[in-house]
Amino acid sequence: MSRVCELSGKSGLVGNRVSHAKNRTKVRLLPNLQEKSIFAPSLGKFVKVRLSTSALRTVNKIGIEAYCAKKGIIIR
């Protein structure tokens with residue numbers, strides 16, 4: 001399973017971990033993904049999604065349908 005948010009599209013980044021001596025080692029920076037069941041009123045049922053915590057906060061604030069409309073995602 002890929003580590004990509006299903007709603008926002010956030011995925012991992014690559015960066016450097018820098019020590020005190022300025023030694024650089026590659027590191028993968030992954031998004032904080034959670035699997036949640038969210039109620040979709042238009043469907044009348046719960047939808048299971050894997051989304052980042054920042055997307056989850058936005059969904060809690062404005063609703064799943066408004067968020068999907070804003071991003072151009074069709075709920076099925």
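In this text the structure is predicted, and so the values were computed from the model without any measurement.

### A word on the overall build of the chain
Each helix and strand counted, the chain has two helices and four strands in total. Taken from the N to the C terminus, the helices and strands of the chain come in the order β-β-β-β-α-α. Over its C-alpha trace the chain gives a radius of gyration of 16 Å, far above what one expects of a compact globule, namely 11 Å for 76 residues. Oriented by its inertia axes, the alpha-carbon framework of the chain measures out at about 55 × 25 × 20 Å. Residues counted as buried form 24% of the 76 residues belonging to the chain. The contacts of the chain with a sequence gap of at least 6 include a subset with a gap of at least 24, amounting to 36%. Carbon and sulfur atoms make up 51% of the accessible area of the chain, which amounts to about 5,800 Å² in all.

### Quick notes on helix α2 (residues 64-71)
Considered for burial, the residues of α2 that qualify are Ile64, Tyr67 and Cys68. All buried residues of α2 lie within an arc of 95 degrees about the axis, which places them on one face of the element. Opposite the buried face of α2, at more than 90 degrees from it, the exposed residues are Ala69 and Lys70.

Calculation criteria
Residue positions within a chain follow its written sequence, with the count starting from 1. Only residues with pLDDT of 70 or above have their local features reported here, since the model is predicted, and side-chain atom pairs are shown and tallied only from 80 upward, although totals for entire chains, interfaces and linings are computed over all residues. Heavy atoms throughout the structure, all of them, feed into the side-chain values; hydrogens and water do not. Working definition: helices are DSSP H or I runs of at least four residues, strands are E runs of at least two. Numbering for both runs from the N terminus. Radius of gyration here uses only the C-alpha atoms, and the compact-globule reference equals 2.2 Å multiplied by the residue count raised to the power 0.38. When accessible area is computed with a 1.4 Å probe and restricted to protein chains, residues below 20% of their type maximum are described as buried, those above 50% as exposed, and intermediate ones as partly exposed. Contacts are assigned to residue pairs with any non-hydrogen atoms lying within 4.5 Å of each other. Each accessible area is a Shrake-Rupley result for a 1.4 Å probe, and residues are judged covered by the shown protein chains and nothing else. What the arc describes is the spread of directions from the helix axis to the C-beta atoms.

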